[in-house]
Amino acid sequence: MRAHNERLVLSLVRRHEALAKSDIARMTGLSAQTVSVIMRQLEQDGLLTRGEPIRGRVGQPSVPMSLAAGGAFFFGLKVGRRSADLILIDFLGRIRAARRKTYRYPTPDAVVAFVAEAAPALVAPLGADERARVTGMGVAIPFQLWNWVTIIGAPQQAMDAWRHRDIGADLSALLGLPVHVQNDATSACGAELIFGTGDRPKDFLHFYLGTFIGGGLVMNGQLFLGRTGNAAGVGPMLVPGPDGRLLRLLEVASLNVLAETMEEAGESSDHIWEQHQHWQVSRPLLDRWLASAAQGLAHATLNAAALVEIEAVILDGWMPVSVRAELVQATEAAFKALDLAGVDPPVIREGTVGADARALGAAAIPLSHRYLIDQNAPVRQG
């Protein structure tokens with residue numbers, strides 16, 4: 001019961017950024033004494049820090065409590081089809097350090113070797129007490145990598161190494177930490193849910209555009225994983241292509257499509273895998289890709305909205321912020337041009353996490369497992 005209520009308090013403080021004991025007692029129905037004991041223990045554990053007293057009200061000054069940045073640290077590893085990213089975040093979700101490795105295609109040995117080299121460098125600036133507070137790693141990785149050899153141009157034998165390799169167990173043995181593995185697009189959605197800013201809808205579909213496109217689904221404020229952890233895997237959804245033929249969404253709305261178009265036109269696409277801030281793409285090619293991707297996303301949004309009631313569709317990806325804004329605008333226009341009869345149209349908007357969503361979502365997995373709670377779970381009274 002104590003662990004449940006501690007997680008409940010931490011979840012509320014994370015959601016609201018700072019809360020006084022009286023606020024938490026009112027929100028949870030827990031007694032003032034119980035809340036006081038819980039928050040005192042969390043403060044002693046270094047997970048909460050007290051702010052300046054708020055005076056001017058009747059009674060004792062109210063003391064807001066917020067999360068302590070150094071209360072805990074987490075590794076987040078994104079394994080992509082073209083690159084791997086390892087980050088270290090603090091308890092607030094801020095990236096403290098990061099390392100990146102690009103490759104032609106991923107192999108288990110290369111990923112483990114990258115972590116073995118990068119992880120010690122990430123924690124080196126931390127003090128001894130802070131290093132002891134590194135409590136886990138999350139891994140965001142595309143499922144069934146061996147099925148994509150043709151599209152990414154990788155040798156089948158090299159990719160088959162993923163079939164029977166337990167990358168989570170390998171990394172856990174390497175680091176001496178619990179390691180959680182999750183689909184990469186689902187992790188990006190989780191990052192928006194936990195670290196996103198602004199109004200957070202309780203039900204939304206999240207698209208993340210990387211080498212391919214993936215999705216994640218939040219229902220009633222919770223990340224919906226599905227039976228195998230691959231729920232909302234939107235890439236194979238059939239949508240009309242530029243010539244009207246049905247294509248998979250990943251064939252019209254992914255960076256791989258843009259890169260192939262660039263290479264065919266004599267424009268190098270190497271830089272879009274190395275960084276996301278600035279793309280050097282000729283305007284006609286970019287406009288053509290945006291139009292095709294937006295049409296595909298609009299149809300996918302309509303299909304999803306017809307099947308599951310969602311408040312919002314959130315678009316994010318490995319791309320410049322300006323391109324993301326254009327994609328959202330084009331998708332919204334394409335969606336409104338469709339026949340929406342019988343559908344309550346969701347709001348289409350930009351993500352707030354950005355290109356690092358997959359790595360941040362990976363780091364959010366151990367954070368959630370240890371310190372957060374299902375917000376729909378009942379409160380344990382005390």
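No experiment lies behind these values; they were computed from the predicted model shown.

Asks: Where do I start with the overall build of the chain in this structure?
Replies: Secondary structure assignment for the chain yields 14 helices and 14 strands. Viewed in the frame of its principal axes, the chain has a C-alpha envelope of about 70 × 50 × 35 Å. Classification of the 382 residues of the chain by burial places 53% in the buried group. Accessible surface for the chain amounts to roughly 17300 Å². Of this, 51% is attributable to carbon and sulfur atoms. Distance between charge centroids for the chain: 7 Å, based on 36 positive and 38 negative side chains.

Asks: Just to check I follow, could you spell out the sheet that holds strand 4 (residues 83-89) for this structure?
Replies: Sheets are built from strands that pair by backbone hydrogen bonding, the pairs being arranged parallel or antiparallel. If you walk across this open sheet you meet the five strands as 5-4-3-6-7, and the pairing is mixed. The open sheet has two edge strands, strand 5 (95-102) and strand 7 (179-183), and neither has a second partner. Each strand of the sheet is rotated relative to its neighbour by a mean of 15°, with strand direction disregarded. Where strand 3 (residues 73-79) meets strand 4, six bridges bridge the pair, whose relative direction is antiparallel. If you follow phenylalanine 75 over to strand 4, its bridge partner there is leucine 88. Docked against the sheet, helix 8 (residues 167-175) engages strand 3, strand 6 (134-141) and strand 7, running at close to 150° with respect to strand 7. Where helix 9 (residues 184-195) meets the sheet, its contacts fall on strand 4, strand 6 and strand 7, and the angle it forms with strand 7 comes to roughly 105°.

Asks: In this structure, what is going on with the pairing of strand 5? I would like to understand it.
Replies: Within a regular beta strand, the side chains point alternately toward one face of the sheet and then the other, so they alternate between its two faces. One ladder, built from seven bridges, connects strand 4 with strand 5; its direction is antiparallel. Bridge pairing links isoleucine 89 to isoleucine 95 in strand 5. Taken together, strand 4 and the strand that follows it, strand 5, pair antiparallel across an intervening segment of five residues, in which glycine 93 is found at a positive phi of about 90°.

Asks: What exactly am I supposed to notice about the pattern of salt bridges here?
Replies: When charged atoms on two side chains of opposite charge get close, those side chains can pair. Inspection of the entire model under this criterion finds 17 salt bridges. Of the charged contacts, one joins arginine 26 and aspartate 23 as a salt bridge, the two residues approaching to 3.3 Å between their closest N and O atoms. One end of the pair, arginine 26, and the other, aspartate 23, are both in helix 2 (residues 21-28), three residues apart, so they sit about a helical turn from each other. Arginine 50 serves as the salt-bridge partner of glutamate 43, at 2.8 Å between the closest nitrogen and oxygen. What you see here is one network of salt bridges that share partners, running through Lys78, Asp85 and Arg100.

Asks: How should I be thinking about the sheet that holds strand 8 (residues 204-209) in this particular structure?
Replies: The five strands are arranged 10-9-8-13-14 in an open sheet whose pairing can be described as mixed. Edge positions in the sheet fall to strand 10 (222-224) and strand 14 (347-350), since each has one partner strand and no second. Put simply, the sheet's adjacent strands are angled 30° from each other on average, direction ignored. Pairing of strand 8 with strand 13 (residues 312-317) involves six bridges; the strand directions are parallel. In the sheet register, histidine 206 faces strand 13, and the bridge partner there is isoleucine 314. Its contacts with the sheet place helix 9 against strand 8, strand 9 (213-219), strand 10 and strand 13, and it is angled at close to 45° to strand 9.

Asks: Quick question: what am I supposed to make of helix 13 (residues 321-336) here?
Replies: The α-helix advances 3.6 residues per turn, and as a result positions three or four apart in sequence lie on the same side. With 16 residues, helix 13 extends 23 Å between its outermost C-alpha atoms, agreeing within 8% with the 22 Å of an ideal straight helix rising 1.5 Å per residue. Looking at the packing, one finds that the buried side of helix 13 touches strand 8, helix 12 (283-307), strand 13 and strand 14.

Asks: I tried to follow the environment of aspartate 356 on my own but got confused; where do I start?
Replies: Looking at the secondary structure, you find aspartate 356 in the loop between strand 14 and helix 14 (357-371). Residues aspartate 356 and histidine 276, spaced 80 residues apart in sequence, show a C-alpha to C-alpha distance of 9.7 Å.

Asks: Help me understand the packing of aromatic side chains in this model?
Replies: To describe a pair of aromatic rings, you give the distance between the ring centres and the angle between the ring planes. One pass over the full model with this rule turns up three aromatic pairs. Measuring from ring centre to ring centre gives 6.2 Å for phenylalanine 74 and tyrosine 371, while their planes differ by 75°; the resulting arrangement is edge-to-face. Of the two residues, phenylalanine 74 sits in strand 3 while tyrosine 371 sits in helix 14, which places them 297 residues apart along the sequence. For phenylalanine 74, a relative accessible area of 0% puts it in the buried group.

Asks: Before we go on, may I ask you to explain the environment of alanine 158 in this structure?
Replies: As for its placement among the helices and strands, alanine 158 is situated in helix 7 (residues 156-160). On a C-alpha basis, the gap between alanine 158 and serine 322 in space is 37 Å, while along the polypeptide they are 164 residues apart. Discounting chain neighbours no more than four positions away, the residues touching alanine 158 are Tyr105 and Thr107.

Asks: What is the right way to look at the packing of helix 9 against helix 14 in this model?
Replies: When two helices pack together, their arrangement is given by the angle between the helix axes and the distance between those axes. The contact between helix 9 and helix 14 brings their axes to 7 Å, and the two run at 70°. With respect to their mutual orientation, helix 9 and helix 14 come out roughly perpendicular. Together, Asp184, Ser187, Ala188, Ala191, Ile194 and Phe195 of helix 9 and Ala357, Arg358, Leu360, Gly361, Ala362, Ala364, Ile365, Leu367 and Ser368 of helix 14 make up the contact between the two elements. Of the residues contributing to the contact of helix 9 with helix 14, the split by class is 10 nonpolar, three polar and two charged.

So, how was this worked out
- Residues numbered from 1 in each chain as written.
- Predicted model: local features only at pLDDT ≥ 70, side-chain atom pairs only at ≥ 80, totals over all residues.
- Heavy atoms only, no water.
- Helix = DSSP H or I, 4+ residues; strand = E, 2+ residues; numbered from the N terminus.
- Buried < 20%, exposed > 50% of the residue type's maximum accessible area, 1.4 Å probe, protein only.
- Areas by Shrake-Rupley, 256 points an atom, 1.4 Å probe, with all protein chains shown as cover.
- Lys, Arg positive; Asp, Glu negative; His and termini not counted.
- Charge placed at Lys NZ, Arg CZ, Asp CG, Glu CD.
- Pairing = 2+ DSSP bridges.
- Axes fitted to C-alpha atoms, helices over the stretch in contact; angles between N-to-C directions.
- Contact = heavy atoms within 4.5 Å.
- Salt bridge = Lys/Arg side-chain N within 4 Å of Asp/Glu carboxyl O.
- Expected span 1.5 Å × (residues − 1).
- Phe/Tyr/Trp six-rings, centres within 6.5 Å; stacked < 30°, edge-to-face > 60°.
- Parallel < 35°, antiparallel > 145°, perpendicular 65-115°, else oblique.
- Nonpolar A, V, L, I, M, F, W, Y, C, P; charged D, E, K, R; others polar.

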